[in-house]
There are 4 protein chains.
Amino acid sequence: MNSKKTILVAGGDLRFVYTAHALAADFEVYAAGFPQQIVPFSDVRLTGAVGDGLPVCDILVLPMPVSDDGVLVHAPFAQQALSLHKLLAAVRQDGIVLGGAFGKAAAVFQDAHIRTGDYLKEEELAVLNAVPTAEGALQILLEELPHTISGCRILVLGFGRIGSRLAQMLHALGARVTVVSRDTAELARAEMAGCSAVSLSQLPECVAEFPVVCNTIPARVVDEPVLQRMAADTLVLDLASKPGGVDLEAAQEYGTRVVWALSLPGKTAPVTAGEILARTIRHMLKERGIC
Amino acid sequence: MNSKKTILVAGGDLRFVYTAHALAADFEVYAAGFPQQIVPFSDVRLTGAVGDGLPVCDILVLPMPVSDDGVLVHAPFAQQALSLHKLLAAVRQDGIVLGGAFGKAAAVFQDAHIRTGDYLKEEELAVLNAVPTAEGALQILLEELPHTISGCRILVLGFGRIGSRLAQMLHALGARVTVVSRDTAELARAEMAGCSAVSLSQLPECVAEFPVVCNTIPARVVDEPVLQRMAADTLVLDLASKPGGVDLEAAQEYGTRVVWALSLPGKTAPVTAGEILARTIRHMLKERGIC
Amino acid sequence: MNSKKTILVAGGDLRFVYTAHALAADFEVYAAGFPQQIVPFSDVRLTGAVGDGLPVCDILVLPMPVSDDGVLVHAPFAQQALSLHKLLAAVRQDGIVLGGAFGKAAAVFQDAHIRTGDYLKEEELAVLNAVPTAEGALQILLEELPHTISGCRILVLGFGRIGSRLAQMLHALGARVTVVSRDTAELARAEMAGCSAVSLSQLPECVAEFPVVCNTIPARVVDEPVLQRMAADTLVLDLASKPGGVDLEAAQEYGTRVVWALSLPGKTAPVTAGEILARTIRHMLKERGIC
Amino acid sequence: MNSKKTILVAGGDLRFVYTAHALAADFEVYAAGFPQQIVPFSDVRLTGAVGDGLPVCDILVLPMPVSDDGVLVHAPFAQQALSLHKLLAAVRQDGIVLGGAFGKAAAVFQDAHIRTGDYLKEEELAVLNAVPTAEGALQILLEELPHTISGCRILVLGFGRIGSRLAQMLHALGARVTVVSRDTAELARAEMAGCSAVSLSQLPECVAEFPVVCNTIPARVVDEPVLQRMAADTLVLDLASKPGGVDLEAAQEYGTRVVWALSLPGKTAPVTAGEILARTIRHMLKERGIC
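These numbers come from a predicted model, not from an experiment.

1. Examining the overall build of chain A
Each helix and strand in chain A was counted, giving 11 helices and 12 strands. The principal-axis extents of the C-alpha atoms in chain A amount to approximately 60 × 35 × 35 Å. By element, 49% of the accessible surface of chain A is carried by carbon and sulfur atoms, the whole surface being about 11900 Å². One way to put it: in chain A the 24 positive side-chain charges average out to a point 5 Å from where the 31 negative ones average out.

See the structure below:
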């Protein structure tokens, strides 16, 4: 249909291929920065030669983070570098650029007076991404542990979006989950979800009883005093983004096994992660009156 | 022990008797505004003659709402009126007065330079009270419906503290729950909890399929256009506080069965409601360095 | 349609009205033994004058139990007695009579060489009826207890169809459920469902810790030694059919509060109970090649 | 303590090391058929030189299956062959031999008039093993699928011990589970657990809608007509023991991805599997009056 808006998805990991595919139900979708073999969808048109062949688009979708240097788009699968300025040239003046954490790239679009929107600031995306993140964490636990989740005493640090999803999932599988938080309301919520609750200040005292510790708090909470009191073969799974919640040096000193898992949605469930991003993009466009 | 702080619980419904009892584990507790027969605890001392016999206390706990007129405390069980000014006289100058929604009563303590704290503003209390509220709602549904919760299509309006607890509880019992909300993030959370999700703008279109509608949104969302499209024997349970979420006049016109349930915690689970309040009070005192 | 088989539902409580209504989707359905006002369905024809006006039917559905004396059908709502012999005369020679616990009534049909089938022997019915039974039990607990189910220590005796449903439901609501059974495999199942498990032989030792005891074992397991050790205000809910699992005399002596709940499906969820029976009847007819 | 009974655990996979360790809390435990490095427990004594050094024991624990040929014990970790006759010589005349599926090995003990017991016939073991089996299946699904379990349409064939555990686990994780069975009572149980239910005869008609099919029925139910109708990238996980439930030839022809997972408890959760076996052995010994 001619009246369909045009979207260009440029760069990003595998999930962006599925984002492009999911958006193709309602938009005319182009993708740049991917080799043909990982885009097996006839409804997504690959634009191979970057720069020349780029279609003019209403909406440009960029990855997370958008760019490391403010010049090139983060595009791990691209055979040729994707320059922000060439992509900028492909966007209509009344179009919009959606990305996750623009950083230095923001200026490029600001200077050109092109609207931008950061999908990482959408609560909906964060809420939905907690599911693939928690499932990715579960997979790691199932792979690493020589015993079942059922019956296992597990400590979950934090009861935000990811912590609450993970704790509830583990509880549903029969684990005996204890949630640690600074916040009395979070602790109350954890108890309502069938978990035990312990104040963060008590962490050093209680950590020795738990063979598994999953951290979701974005702060150095698994520090030396905590690591020191862990039992010998405790598994620590850190889900906090950089710089992470575990003192890795101290962990090494004590011989603690630490798995630091980043960007789980895109790695373990790229299809779902892509669909979630497409859903959020749709709502962002709707709220801004673009479609 | 002499070093225990002294608490006076004055007025309120049955839950305040259990609050007093729960606080008696750590404090010296007096209660005013209750007949002997509903205070069967040896660790709570009743102060019969109000005014004269009132003990000097470190902490005064008042009901919710504190007072209707700013003169007398809300005390449905009291045989004699409890005057705010006489109670004020019982509080040490460096003491604290805790109540729920002070309203006109605030001035009494302000003028006397006595600290106050409103427990209804504590997130913890609201979170924990969602449990007795949701169980009270469940009891009403079990009593009113001639069929099981299991397998029943139920619409829950709102997915805040009460809506989310109620929806998850009904889902766990096998109901097919659909959550209605304005907010995309709330809808995402509802889906994560196993419910279907529908935007509030779609409510009139979908309401006819549901024999049960539970409202938790504090706004007139069950209005004439919604009521008009409900099936004949739909049960509407309104958990929103005054003025309620249902257009009662229109409901009467259409012959819709509406149960408007207020203050469920205190009514259906006074013991738990009392313990929850005591827990919150403990945390409030701790945060303020009082104990 | 002329090709529809004819069913006569005769006697029984309110659930049989809903059974008749549910069967009317596929059969030509008559009902006897009910006043007009409790049969508000245009697809069920009431046969007022018993004996004369009875339609010839392919399938006769009788209540549970079928009859107390082998002469009259159990029909609490009937204004005139329903005689088994008159009903027998209404059934085609190649028809079938379905009932629950025929007892003395069996001979009537045997002598006439009419096939019978006992739906109470169908595993499916027993499995499905556990849902309304457990919900009925839940309603009683919510009504009787002054605290929430969530957080409450509850003892469930037996982990058969009803015990397992009830225990899982209470666990899902946040109760701390301990299951008691003689059978190691049942105890293993209970642990898998998130409950604690205790051997029946340990019941007297552990009962004092539980404010609520729900019995589903059809044997006198709550006997004097158990009652003696219960805490003062324990609530005992007995779901075992006659003669029940509680020594009521001893309970009275110790002042224990006992609620003995019988036939909960028909009482608390007659619509669902009726639909369940209709579903079972359909499967029985299908297995026997009748439709 | 001298009064402790002596157990010899001979042969088997890693789980038997943990069985030996778990039994060491109450027995004097020896193990044969394992190298030192996989038995890091000071409470289990390894008997290196088989035949000579074997201790006289009250209880001999053998693996599952006990033996392939009736001569040597199944002992994948053993550096020297473990002969049934030498092990027999180590058992007291009033002792007992516990194993899983004795087969040809049964005669050895019968001829010597030594009691045997087959733990694979214990319902408790089968019930408890469903947990590590279902968790192992879950791990495979999480590893194989590019999307989340949450929201995924999954078909579970069979609702016995493993099927029911798996279905409930997947449902708890947010999957939309449909259970297939021949048995109306099993289908009723599946519906009660929040799943949809479909008769086995309908399998070919419905299979195309499901990207994931998990089989637990020990019969060739995933046959050519079923495979033919599956969608292109369906994942089939077969949990049925040999000869399996999938027509592998037909699957290869249609290019269907099949994972056939056997002995999951011992592989994915050897610690838990070992503890489960020890628990069952304890109960078997208790029932036989041995301890």
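2. Focus: the interface of chain D and chain A
In this complex, chain D contributes 22 residues to the contact, which on the side of chain A involves 22 residues. Per-residue buried area on chain D facing chain A is highest for Glu135(D), Leu142(D) and Thr148(D); these three make up 31% of the total on that side. Counting across the interface, chain D meets chain A through zero salt bridges. Counting across the chain D and chain A interface gives eight residue pairs in polar contact (both at pLDDT 80 or more). Contributing elements (two or more residues each) for the side of chain D that touches chain A: α4 (123-144), α5 (161-172) and α11 (270-287) of chain D. The greatest single-element share of the side of chain D that touches chain A, amounting to seven residues, is contributed by α4(D).

3. Describing the sheet that holds strand β3 (residues 44-46) of chain C
Residue and element names in this part refer to chain C. The strand order β3-β2-β1-β4-β5-β6 describes an open sheet built from six strands, whose pairing is parallel. One side of each edge strand has no neighbouring strand; the edge strands of this open sheet are β3 and β6 (115-118). Pairs of neighbouring strands in the sheet enclose a mean axial angle of 25°, with direction left out of account. Strand contacts of helix α1 (residues 14-23): β1 (6-10), β2 (28-32), β3 and β4 (57-61), with the helix running at about 170° to β1, the strand carrying the most contacts. Strand contacts of helix α11 (residues 270-287): β4, β5 (91-99) and β6, with the helix running at about 135° to β5, the strand carrying the most contacts.

4. A look at the pairing of strand β2 (residues 28-32) of chain B
Residues and elements named next belong to chain B. Most of β2 sits inside the fold, with four of its five residues counted as buried. Relative to β2, strand β1 (residues 6-10) runs parallel, the two being bridged by five bridges. Each bridged residue has a counterpart across the sheet, and for Leu8 the counterpart in β2 is Tyr30. The handedness of the β1 to β2 crossover, carried by helix α1 (residues 14-23), is right-handed. Inspection of the sheet shows β2 paired to strand β3 (residues 44-46) by three bridges, in the parallel sense. When the sheet's bridge partners are listed, Val29 is paired in β3 with Val44.

5. Some words on the packing of aromatic side chains
Across all of its chains, the model carries eight aromatic pairs over all chains by this definition. For the pair Tyr18(A) and Phe41(A), a centre-to-centre distance of 5.7 Å together with 70° between the ring planes defines the contact as edge-to-face. Taken together, the residues Tyr18(A) in helix α1 (residues 14-23) and Phe41(A) in the loop between β2 (28-32) and β3 (44-46) connect sequence positions 23 residues apart. Per residue, the accessibility class of Tyr18(A) equals that of Phe41(A), and both read buried. Both rings, one in Phe102(B) and one in Phe109(B), keep their centres 6.1 Å apart while their planes meet at 80°; by these two values the pair is edge-to-face. Stacked on the ring of Phe210(C), the Lys or Arg Arg153(C) has its end atom at 4.8 Å from the ring centre.

6. A closer look at the nonpolar core
By size, the foremost hydrophobic cluster in this structure holds 62 residues, and its most contacted members are Leu138(B), Ile149(B), Leu170(B), Leu138(C), Ile149(C) and Leu170(C). With residues near it in sequence (within four places) discarded, Leu138(C) still touches Leu138(B), Leu142(B), Leu173(B), Ile149(C), Met169(C), Leu170(C) and Leu173(C). Grouped together as the second largest cluster of nonpolar side chains are 61 residues, Leu138(A), Leu145(A), Ile149(D) and Ala193(D) included.

7. Comments concerning the relation of the copies chain D and chain A
Once chain D is rotated about the relating axis by 180° and shifted along it by 0.0 Å, it coincides with chain A to within an RMSD of 0.0 Å. The transformation just described matches what one would write down for a two-fold rotation axis. In this assembly, 100% of the residues forming the interface of chain D have copies in chain A that are likewise at the interface, indicating an isologous arrangement.

8. Thoughts on the packing of helix α4 (residues 123-144) of chain C against helix α5 (residues 161-172) of chain C
In helix packing, the relevant descriptors are the interaxial angle and the interaxial distance, both defined with respect to the helix axes. All names here are of chain C. Interaxial distance between α4 and α5 falls to 8 Å at its minimum, and their mutual angle equals 45°. When the interaxial angle is binned, α4 and α5 end up oblique. The hand of the α4/α5 crossing is right-handed. Across the interface between the two elements, Glu123, Ala126, Val127, Ala130, Val131, Thr133, Ala134, Glu135, Ala137, Leu138 and Leu141 from α4 touch Arg161, Ile162, Arg165, Leu166, Met169 and Leu170 from α5. By residue class, the composition of the contact of α4 with α5 is 12 nonpolar, one polar and four charged.

9. Some remarks on the confidence of the model for chain A
When pLDDT is averaged along chain A, the result is 93; 98% of the residues meet or exceed 70. Reported for the predicted complex are a pTM of 0.92 and an ipTM of 0.92.

10. Quick look at helix α6 (residues 184-192) of chain B
Taken as a whole, α6(B) has its buried residues at Ala185(B), Leu187(B), Ala188(B), Ala190(B) and Met192(B). The inward-facing, buried residues of α6(B) contact α4 (123-144), α5 (161-172) and α11 (270-287) of chain A together with β8 (176-181) and β9 (196-199) of chain B. Among the residues trailing α6(B), Gly194(B) stands out with phi positive, at a value near 90°.

11. Some points on the pattern of salt bridges
For the coordinates displayed, the defined rule picks out 44 salt bridges over all chains. Residue Glu28(B) pairs with Arg45(B) through a salt bridge whose shortest N-O separation is 3.6 Å. Taken together, the residues span a long stretch of sequence, with Glu28(B) in strand β2 and Arg45(B) in strand β3 at a distance of 17 residues. We classify Arg45(B) as partly exposed; its relative accessible area is 47%. A salt bridge links Glu124(B) to Arg279(B); the nearest nitrogen and oxygen atoms lie 3.0 Å apart. One end of the pair, Glu124(B), is in helix α4 (residues 123-144); the other, Arg279(B), is in helix α11 (residues 270-287), and 155 residues separate them in sequence. Here Glu124(B) falls in the buried class, since its relative accessible area comes to 2%. If you follow the salt bridges from partner to partner, you end up with Glu123(A), Arg161(A) and Arg189(B) in one network.

12. Regarding the pairing of strand β1 (residues 6-10) of chain D
Look at any regular strand and the pattern is simple: side chains alternate between the two faces of the sheet. All names here are of chain D. Among the five residues of β1, five are classified as buried, and the element is accordingly described as predominantly covered. Here β1 shows two buried faces, one formed by Thr6, Leu8 and Ala10 and the other by Ile7 and Val9. Of the strand pairs in this sheet, β1 and strand β4 (residues 57-61) are connected by three bridges, and their pairing is parallel. Opposite Ile7, over in β4, you have Ile59 as the bridge partner.

13. Here's the deal with the environment of Gly33(A)
All names here are of chain A. Among the secondary structure elements, Gly33 is positioned in the loop between β2 and β3. In this structure Gly33 comes out as buried when scored by relative accessible area, which is 11%. Setting aside anything within four residues of it in sequence, one finds Gly33 in contact with Phe77, Ala78 and Leu82.

14. Regarding the side chain of Glu186(D)
All names here are of chain D. The topology assignment puts Glu186 in helix α6 (residues 184-192). For the buried residue Glu186, which engages in no salt bridge, the nearest side chain bearing the opposite charge is Arg189, 5.9 Å off. One polar contact links Glu186 to Ser181, side chain to side chain, over a distance of 2.8 Å. Each residue touching Glu186, except ones within four places of it in the same chain, is listed here: Gly158, Phe159, Gly160 and Ser181.

15. What about the sheet that holds strand β7 (residues 153-157) of chain D?
All names here are of chain D. Strand order in the open sheet formed by six strands is β9-β8-β7-β10-β11-β12, with parallel pairing between adjacent strands. Two strands bound the open sheet, and with one partner strand each, they are β9 (196-199) and β12 (257-260). Looking at each pair of strands side by side, their axes are set apart by 20° on average, direction ignored. As paired strands, β7 and strand β8 (residues 176-181) are joined by five bridges and run parallel to one another. Paired with Arg153 across the bridge in β8 is Arg176.

16. As for unusual backbone geometry
Here the bond from Met64(A) into Pro65(A) is cis, since omega is -10°, no more than 30 degrees from zero. In this fold, Pro65(A) is placed in the loop between β4 (57-61) and α2 (84-90). At His113(C), a position not held by glycine, the phi torsion is positive, near 55°.

17. Description of α5(C)
Its 12 residues give α5(C) an end-to-end C-alpha distance of 17 Å, which sits within 8% of 16 Å, the value for a rise of 1.5 Å per residue. Within the span of α5(C), buried status applies to Gly163(C), Ser164(C), Arg165(C), Leu166(C), Ala167(C), Met169(C) and Leu170(C). Packed against the buried residues of α5(C) are α4, β7 (153-157), β8 (176-181) and β10 (212-215) of chain C together with α6 of chain D.

18. What to know about the side chain of Thr178(A)
Residues and elements named next belong to chain A. Relative to the helices and strands, Thr178 resides in strand β8 (residues 176-181). Overall, Thr178 belongs to the buried group, its relative accessible area being 8%. Once you skip the residues sitting within four places of it in the chain, Thr178 turns out to touch Ile154, Leu155, Val156, Ser196, Val198 and Phe210.

Calculation rules
Residues numbered from 1 in each chain as written. Chains lettered and ligands numbered in written order. Predicted model: local features only at pLDDT ≥ 70, side-chain atom pairs only at ≥ 80, totals over all residues. Heavy atoms only, no water. Helix = DSSP H or I, 4+ residues; strand = E, 2+ residues; numbered from the N terminus. Areas by Shrake-Rupley, 256 points an atom, 1.4 Å probe, with all protein chains shown as cover. Lys, Arg positive; Asp, Glu negative; His and termini not counted. Charge placed at Lys NZ, Arg CZ, Asp CG, Glu CD. Contact = heavy atoms within 4.5 Å. Buried area = accessible area lost by both parts, 1.4 Å probe. Salt bridge = Lys/Arg side-chain N within 4 Å of Asp/Glu carboxyl O. Polar contact = N/O pair within 3.5 Å; in protein donor to acceptor, adjacent residues only side chain to side chain. Pairing = 2+ DSSP bridges. Axes fitted to C-alpha atoms, helices over the stretch in contact; angles between N-to-C directions. Buried < 20%, exposed > 50% of the residue type's maximum accessible area, 1.4 Å probe, protein only. Right-handed = clockwise from strand over helix to strand, strands pointing away. Phe/Tyr/Trp six-rings, centres within 6.5 Å; stacked < 30°, edge-to-face > 60°. Lys NZ or Arg CZ within 6 Å of the ring centre and 35° of its normal. Core = buried A, V, L, I, M, F, W, Y, C linked by side-chain atoms within 4.5 Å. Least-squares fit on C-alpha atoms with pLDDT ≥ 70 in both. Parallel < 35°, antiparallel > 145°, perpendicular 65-115°, else oblique. Left-handed = near helix turned anticlockwise from the far one by under 90°. Nonpolar A, V, L, I, M, F, W, Y, C, P; charged D, E, K, R; others polar. pLDDT = per-residue confidence, 0-100. Expected span 1.5 Å × (residues − 1).

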